[in-house]
Amino acid sequence: IKEVQFTGTIDDPLGHKDLIGITDHLLSIRPDIYIGMHTNGSMRTPKYLKEFAEVLLSRGRDMNDHTVHFSIDGLEDTNHLYRKNCRWDKIMENAKAFIDAGGRASWQMLEFPWNKHQILEARALAKSMGFLKFKVRENKSPLLNNLDEYLLKNKDDMKKIRRYHQVLDSTEVPNDPIDCRW
């Protein structure tokens, strides 16, 4: 294994109870391994993101090889339209803490009709904050281009989480039946 990418299609790696422990363990047994992570940056605290950067810096490879990709789809007035329940100020604080601690960060922005006019401003903000890369990705789901219409049509389904063949109210957080330390 030469590379580990922490990413989630539904969940965010920052939600794992022992992400730092896993990362530290991987780097202790494989100091030459590449660590990458994809996050919307809205979970945890600046202190946690600083500590994550410090773990990446403390072992093995040059920190410049490890990257956290922050998925930020617009600016303060548009990011939340697609990234539900994500607070802009928290994302910015977390990203700044990670970068200020020496972390290598990239900003990935999905382009939608409601945020494409912000690409240049977002790129400038990313540069001023110390993000090393800024990447715009095309939205490949045309259904999401009119998000209000999509949400109205699918509001009953959007209220539920389907997990392990259970249907849960979106406000309920299930105990994960999987017990895996690493």
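Novice: Mind laying out helix H4 (residues 88-100), listing which residues take part and the relevant values?
Specialist: Here H4 is 13 residues long and its end C-alpha atoms lie 18 Å apart, about the 18 Å a rise of 1.5 Å per residue gives. Listed as buried for H4 are Trp88, Ile91, Met92, Asn94, Ala95, Ala97, Phe98 and Ile99. On its buried face, H4 is in contact with helix H2 (46-58), strand S3 (67-71), helix H3 (79-82), strand S4 (105-111) and helix H5 (119-129). Just past H4, the residue glycine 102 takes up positive phi, approximately 100 degrees.

Novice: Kindly report on the side chain of threonine 78, identifying the contributing residues and their values.
Specialist: Locating threonine 78 in the fold gives a position in the loop between S3 and H3. Of note is the side chain of threonine 78, whose polar atom sits 2.5 Å from the side chain of glutamine 118. Excluding residues within four positions of it along the chain, threonine 78 makes contact with Asp73, Trp114, Asn115 and Gln118.

Novice: Help me get a handle on unusual backbone geometry, residues and values and all.
Specialist: In this model, arginine 44 sits at a positive phi of 70 degrees, which is unusual for a non-glycine residue. Along the chain, the position of arginine 44 falls in the loop between strand S2 (34-39) and H2. Accessibility expressed as a relative area gives 27% for arginine 44, which makes it partly exposed. The residue asparagine 85 is not glycine, and still its phi comes out positive at about 60 degrees.

Novice: So, the confidence of the model for the protein chain: which residues are in play, and what are the values?
Specialist: Residues with a pLDDT of 70 or more make up 74% of the protein chain, whose mean pLDDT is 82. Taken element by element, the predicted model of the protein chain shows its lowest mean pLDDT in strand S7 (residues 166-169) (44) and its highest in H5 (98). Predicted confidence for residues 161-174 stays below pLDDT 50, and this span has 19 contacts to residues more than four positions away or in other chains. Every residue in residues 176-182 is under pLDDT 50, and counting partners more than four places away or in other chains gives 10 contacts.

Novice: A description of the environment of arginine 87 should follow, citing residues and the corresponding values.
Specialist: The topology assignment puts arginine 87 in the loop between H3 and H4. Taking relative accessible area as the criterion, arginine 87 reaches 49% and is therefore assigned partly exposed. As a C-alpha pair, arginine 87 and asparagine 40 span 47 residues in sequence and 9.9 Å in three-dimensional space. Side-chain polar atoms of arginine 87 contact the side chain of aspartate 89, separated by 3.3 Å.

Novice: So what about the nonpolar core? Which residues, and what values?
Specialist: Of all hydrophobic cores here, the largest spans 38 residues; its most connected members are Phe70, Phe98, Trp107 and Phe131. Contributing elements (two or more residues each) for this core: strand S1 (3-6), helix H1 (19-29), S2, H2, S3, H4, S4 and H5.

Novice: So what about the pairing of strand S5 (residues 133-138)? Which residues, and what values?
Specialist: Two faces, one strand: in a regular strand the side chains alternate between the faces of the sheet. In this structure, S4 lies alongside S5, joined through six bridges in parallel fashion. Considered in S5, the bridge of tryptophan 107 is made with phenylalanine 134. Assessed by its sense of winding, the connection that carries the chain from S4 through H5 to S5 is right-handed.

Novice: Provide a residue-level description of the sheet that holds S5, including the pertinent values.
Specialist: Sheet architecture is open: five strands sit in the order S1-S2-S3-S4-S5, paired in parallel fashion. Every interior strand has two partners, whereas the edge strands, S1 and S5, have only one. Neighbour to neighbour, the strand axes of the sheet diverge by 20 degrees on average, direction disregarded. Bridging between S2 and S3 involves four bridges; their strand directions are parallel. Opposite threonine 39, over in S3, you have phenylalanine 70 as the bridge partner. Those strands touched by H1 are S1 and S2, and its axis lies near 175 degrees from that of S1.

Calculation criteria
Residues numbered from 1 in each chain as written. Predicted model: local features only at pLDDT ≥ 70, side-chain atom pairs only at ≥ 80, totals over all residues. Heavy atoms only, no water. Helix = DSSP H or I, 4+ residues; strand = E, 2+ residues; numbered from the N terminus. Expected span 1.5 Å × (residues − 1). Buried < 20%, exposed > 50% of the residue type's maximum accessible area, 1.4 Å probe, protein only. Contact = heavy atoms within 4.5 Å. Polar contact = N/O pair within 3.5 Å; in protein donor to acceptor, adjacent residues only side chain to side chain. pLDDT = per-residue confidence, 0-100. Core = buried A, V, L, I, M, F, W, Y, C linked by side-chain atoms within 4.5 Å. Pairing = 2+ DSSP bridges. Right-handed = clockwise from strand over helix to strand, strands pointing away. Axes fitted to C-alpha atoms, helices over the stretch in contact; angles between N-to-C directions.

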